[in-house]
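Remarks on the overall topology
For reference, the chains in residue letters:
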Amino acid sequence: MTVFFIGAGPGDPDLITVRGQRLIRSCPVILYAGSLVPEAVLEGHSAHTVVNTAELELAQIVDLLAEAHGRGEDVARVHSGDPSLYGAIGEQIRHLRRLGIPYQIVPGVTATAACAALLGCELTLPEVSQTLILTRYASKTQMPAGEALGDLAHHRATMAIHLGVRQLPQIVAELLPHYGADCPVAVVHRASWPDQDWVQGTLADIVARVATKDFRRTALILVGRVLTAEDFADSSLYSAH
């Protein structure tokens, strides 16, 4: 028996990996994060037990995994995006290790990748930015020392900020001294879902632009010169030399 932590991708059922889809269709037990994973991702399953864990506490989820282990049944534990990023799988894995329950992680397409695809841009460009920082804004969970936005913004790298759209004014205030008011920004709401929407602007006007959309959650903030860059060097990859 194995618990498979499966990345369902950003929302579009077509963006789950072949392996992830195969496991969902074959595992007899499915636990999925229903607040972020659409039910369409589960189409074609033959599981006898399907549980939406959105309203469950950690202990209840662990109990369900332990019960499946006792029956010798594989579990498709389905999370949004890639489960290794803000997927809250670490705390589940800690319990599985304690209980001696085998597990595997199946990667998924990240929200950041889906946003870049939607915007039609490359997040790393020669001489513009060769670094992508994935982070979040400190709200309920405080950031470790050295990981505040101001500390990270000092690098002026491309930045993808999760879980912060409600604190956008504060985020902009922390980024402005490092990126400048004219730095491009995009806020993407529910990338790859049927109701996806987005706003592009600069640090100077993004707060006002987003206010007209009323994005409240499941939105990603992308910051960096790569979003609008045109004057950058060709890579060495396809160079004639």
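Residues numbered from 1 in each chain as written. Predicted model: local features only at pLDDT ≥ 70, side-chain atom pairs only at ≥ 80, totals over all residues. Heavy atoms only, no water.

Description of the UniProt feature "domain: Tetrapyrrole methylase" (unreviewed entry) in the chain
Under the UniProt annotation, the feature "domain: Tetrapyrrole methylase" (unreviewed entry) is placed at residues 2-206. Note that residues 2-206 is 29% helix and 21% strand, and that its end C-alpha atoms are spaced 45 Å apart. (UniProt positions renumbered as here; feature names shortened; annotations may be inferred. Helix = DSSP H or I, 4+ residues; strand = E, 2+ residues; numbered from the N terminus.)

Quick notes on the sheet that holds strand 9 (residues 197-202)
Strand order in the open sheet formed by 5 strands is 6-7-10-8-9, and the pairing between neighbours is mixed. The sheet is open, and its two edges are formed by strand 6 (132-136) and strand 9, each paired on a single side. This sheet shows a mean twist of 15° between the axes of neighbouring strands, independent of strand direction. With 3 bridges connecting them, strand 7 (residues 158-162) and strand 10 (residues 219-223) associate as antiparallel partners. Paired with M159 across the strands is V223, a residue of strand 10. Sitting on the sheet, helix 4 (residues 111-119) is in contact with strand 6, strand 7, strand 8 (184-189), strand 9 and strand 10, with an inclination near 65° to strand 10. (Pairing = 2+ DSSP bridges. Axes fitted to C-alpha atoms, helices over the stretch in contact; angles between N-to-C directions. Contact = heavy atoms within 4.5 Å.)

Some details on unusual backbone geometry
Even without being glycine, R156 reaches a positive phi, approximately 55°. Mapped onto the secondary structure, R156 falls in the loop between helix 5 (149-153) and strand 7. The class for R156 is exposed, based on a relative accessible area of 52%. Positioned with a positive phi, L163 is a non-glycine residue whose angle comes to about 55°. Position of L163 among the secondary structure elements: in the loop between strand 7 and helix 6 (168-179). Residue L163 is classed as partly exposed on the basis of its relative accessible area, which comes to 48%. (Buried < 20%, exposed > 50% of the residue type's maximum accessible area, 1.4 Å probe, protein only.)

Section: the environment of P194
Tracing the sequence through the fold places P194 in the loop between strand 8 and strand 9. On the accessibility criterion, P194 (85% relative accessible area) is exposed.

What about the packing of helix 2 (residues 58-71) against helix 3 (residues 90-99)?
Interhelical geometry of helix 2 versus helix 3 gives an angle of 45° and a closest axis separation of 10 Å. The angle between the axes of helix 2 and helix 3 places the two elements in the oblique class. Seen along the crossing, helix 2 lies across helix 3 with a hand that is right-handed. Residues L58, I61, V62, L65 and A66 of helix 2 form the contact with helix 3, whose own contacting residues are E91, Q92, H95, L96 and L99. In the contact of helix 2 with helix 3, the residues fall into 7 nonpolar, 2 polar and 1 charged. (Parallel < 35°, antiparallel > 145°, perpendicular 65-115°, else oblique. Left-handed = near helix turned anticlockwise from the far one by under 90°. Nonpolar A, V, L, I, M, F, W, Y, C, P; charged D, E, K, R; others polar.)

Considerations on the packing of aromatic side chains
What the rule picks out here adds up to 1 aromatic pair. For the ring pair F5 and Y103, a centre distance of 6.3 Å and an interplane angle of 75° mean the geometry is edge-to-face. With F5 in strand 1 (residues 3-7) and Y103 in strand 5 (residues 103-106), this pair connects stretches of sequence that are 98 residues apart. Overall, F5 belongs to the buried group, its relative accessible area being 0%. (Phe/Tyr/Trp six-rings, centres within 6.5 Å; stacked < 30°, edge-to-face > 60°.)

A look at the domain arrangement of the chain
Interface size is often expressed as the accessible area that is lost when the parts come together. Taken domain by domain, the chain comprises domain 1 (3-106) and domain 2 (111-227). Taken over C-alpha atoms, the centre of domain 1 sits 28 Å from the centre of domain 2. On the side of domain 2, 10 residues touch domain 1, which itself brings 9 residues to the contact. Interface area for domain 1 against domain 2, summed over the two sides, is near 790 Å², with a carbon-plus-sulfur share of 68%. The interface formed by domain 1 and domain 2 contains 0 salt bridges. Viewed at the interface, domain 2 and domain 1 are joined by 5 residue pairs in polar contact (both at pLDDT 80 or more). Its residues assigned to classes, the side of domain 1 that touches domain 2 shows 7 nonpolar, 1 polar and 1 charged. (Domains from an automatic or database assignment. Buried area = accessible area lost by both parts, 1.4 Å probe. Salt bridge = Lys/Arg side-chain N within 4 Å of Asp/Glu carboxyl O. Polar contact = N/O pair within 3.5 Å; in protein donor to acceptor, adjacent residues only side chain to side chain.)

Some words on helix 3
Among the residues of helix 3, Q92, I93 and L96 are the ones counted as buried. Buried residues of helix 3 fall within an arc of 95° about the axis and therefore sit on the same side. For helix 3, exposure combined with an orientation more than 90 degrees from the buried face picks out R94, R97 and R98. Of the surrounding secondary structure, the elements contacted by the buried residues of helix 3 are strand 1, helix 2, strand 4 (75-79) and strand 5. The positive-phi residue at the C-terminal boundary of helix 3 is G100, with phi of around 70°. (Arc of directions from axis to C-beta.)

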